[in-house]
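Listed below, chain by chain, are the residues.
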Amino acid sequence: MNFIKYSKIYFIFSFILISASLICLFVFGLKYSIEFTGGSILEVKYAQTVPDIENIEQSLSEFELGNIIIQPSNDNVALIRMKLIDEETHQSILKKLKQDNELEEQRFEFIGPMIGEELKEKTKLLIILSLLVIVGYVSFAFRKIKTSAKSWQYGIATLIALGHDVLIPLGIFACLGRYCGVEISIPIVVALLTVLGYSVNNTVVVFDRVRENSFIFPASSFEEIINSSLKQTIVRSVNTSLTTLFVLFAIFFFGGESLKYFSLTMIIGIIAGTYSSIFLASPILAKWVKYKQTKNN
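Just so you know, the residues in each chain are numbered from 1, in the order the chain's sequence is written. Restriction of local features to residues with pLDDT of at least 70 applies here, the model being predicted, together with a cutoff of 80 or more for giving and counting side-chain atom pairs; totals for whole chains, interfaces and linings are based on all residues. Only hydrogens and water are set aside; all other atoms, that is, all heavy atoms of the structure, feed into the side-chain values.

**Here we look at the overall build of the protein chain**
1) Next: What counts as a helix is a DSSP run of H or I of at least four residues, what counts as a strand is a run of E of at least two, and both are numbered from the N terminus. When helices and strands are tallied, the protein chain shows ten helices and four strands.
2) Next: The N-to-C order of helical and strand elements in the protein chain reads α-α-β-α-β-β-α-β-α-α-α-α-α-α.
3) Next: Buried, partly exposed and exposed residues are distinguished by accessible area as a fraction of the type maximum, computed with a 1.4 Å probe on protein chains only: under 20%, between the cut-offs, and over 50%, respectively. Here the protein chain holds 297 residues, and the buried ones make up 44% of them.
4) Next: For the protein chain, the exposed area adds up to about 15700 Å²; of that, 61% sits on carbon and sulfur atoms.
5) Next: Where the 27 positive side-chain charges of the protein chain centre and where its 26 negative ones centre are 20 Å apart. Each accessible area value is a Shrake-Rupley result obtained with a 1.4 Å probe; residue values ignore everything except the protein chains displayed when judging cover. Here Asp and Glu are counted as negative and Lys and Arg as positive; His is not counted, and neither are the chain ends. A single reference atom marks each charge: NZ on Lys, CZ on Arg, CG on Asp, CD on Glu.

Shown next as structure tokens:
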């Protein structure tokens, strides 16, 4: 299979996905959890099974707690996230919950809006710094490669692929936040950072094979070297991703509410990352080199 031959199809497909994600982000925005906006967290353990979420919401409706999020778990524990409340309201909520079921409080804490806003800014900075460090690492790692592409071009191609891998999950979560009330939480941010590391690993594997083939086949064109490298690594990349996805799907369906969206982020990111490492990063590099060579001639 000639991967580079169909690169325009890959680019158009990725452009559509990225454009759709950006539109969703600008139109809907991201719905942040209380870790970023400020709020209260109440964790209670029931003597028996956790009641239906609708029943808990109905019993707490009189307190006007805003956008309340209830996350039950398999060990009879329910995590209730709500707007900031004072101690009097806290005790009233516990009293109300104990009227209907036997339970005990596990923890109660709150996050102020200033702390939440600071955390949000630090999270954005962390993602940006992670991307820049990865680009710097790739550029440094391939500084001695003898191909038509410069080491910094490998770094830029990696950056484009990583941006693709982050924007697609964020666009999907913008839609989920708008229509399903799904919030961006700390586990989702951790999943996004994990996706960056996973994706860059797949990309570096392909680029490393490009480096090896450039020494083995010095007379071949750059496109031929990249195409051969993709043929040699595609099975490894797909198999590695599939084995990881099997575990993530198991977590998504059986791992409980607290891990559901963490695993979903990983699933989306790994699929996007596997695609970008094969059909985006290397073809971008090949077309970039070809454009420069055509321009110089």
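**Let's talk about a negative patch on the surface**
1) Next: Patch membership requires more than 30% relative accessible area and the absence of a salt bridge. Residues of like charge join within 9 Å; the nonpolar side chains Val, Leu, Ile, Met, Phe, Trp and Tyr join within 5 Å. Salt bridges are defined by distance alone: a side-chain nitrogen of Lys or Arg within 4 Å of a carboxyl oxygen of Asp or Glu. Together, Asp86, Glu87, Glu88 and Glu105 give the surface a local cluster of negative charge.
2) Next: On the secondary structure map, Asp86 appears in the loop between β3 (77-82) and α4 (87-100).

**A short note on the pairing of strand β1 (residues 39-46)**
1) Next: Where burial is concerned, most of β1 is hidden: seven out of the eight residues are buried.
2) Next: Sheet analysis places β1 next to strand β4 (residues 103-111), joined by eight bridges and oriented antiparallel. From the neighbouring strand, Tyr46 faces β4, where its bridge partner is Leu103.
3) Next: For two strands to count as paired, DSSP must find a minimum of two bridges between them. Here β1 runs beside β3; their pairing, made up of six bridges, is antiparallel. The residue of β3 that forms the bridge with Lys45 is Val77.

**Quick notes on the packing of helix α6 (residues 151-180) against helix α9 (residues 257-279)**
1) Next: Whenever a helix is involved, its axis is fitted only over the stretch in contact; in every case the axis is a line through C-alpha atoms, and angles between N-to-C directions fall within 0 to 180 degrees. Taken N-terminus to C-terminus, the directions of α6 and α9 make an angle of 140°; their axes are 9 Å apart at the nearest point. Crossing of α6 against α9: the hand is right-handed. Contacts between α6 and α9 involve Ala161, His164, Asp165, Ile168, Pro169, Ile172, Phe173 and Leu176 from the first element and Tyr261, Leu264, Thr265, Ile268, Gly269, Ala272, Gly273, Tyr275 and Ser276 from the second.
2) Next: Gly falls in the polar group here, along with every residue not listed as nonpolar (Ala, Val, Leu, Ile, Met, Phe, Trp, Tyr, Cys, Pro) or charged (Asp, Glu, Lys, Arg). Split into classes, the residues belonging to the contact of α6 with α9 amount to eleven nonpolar, five polar and one charged. The crossing is said to be left-handed when, going from far helix to near helix, the turn is anticlockwise and less than a right angle, and right-handed when the turn is clockwise. In this analysis, two residues are considered to be in contact whenever any of their non-hydrogen atoms come within 4.5 Å of each other.

**Overview of the nonpolar core**
1) Next: Put simply, a nonpolar core is a bunch of buried Ala, Val, Leu, Ile, Met, Phe, Trp, Tyr and Cys residues held in one set by side-chain atoms that sit within 4.5 Å of each other. Core analysis: the largest hydrophobic core is formed by 36 residues, its most contacted members being Val138, Phe142, Tyr154, Phe207, Phe222, Ile226 and Leu285.
2) Next: When residues of this core are assigned to their parent elements, the largest contribution, seven residues, is made by helix α7 (residues 186-216).
3) Next: Formed by 18 residues, the second largest nonpolar core is a distinct cluster that contains Ile56, Phe63, Leu94 and Leu103.

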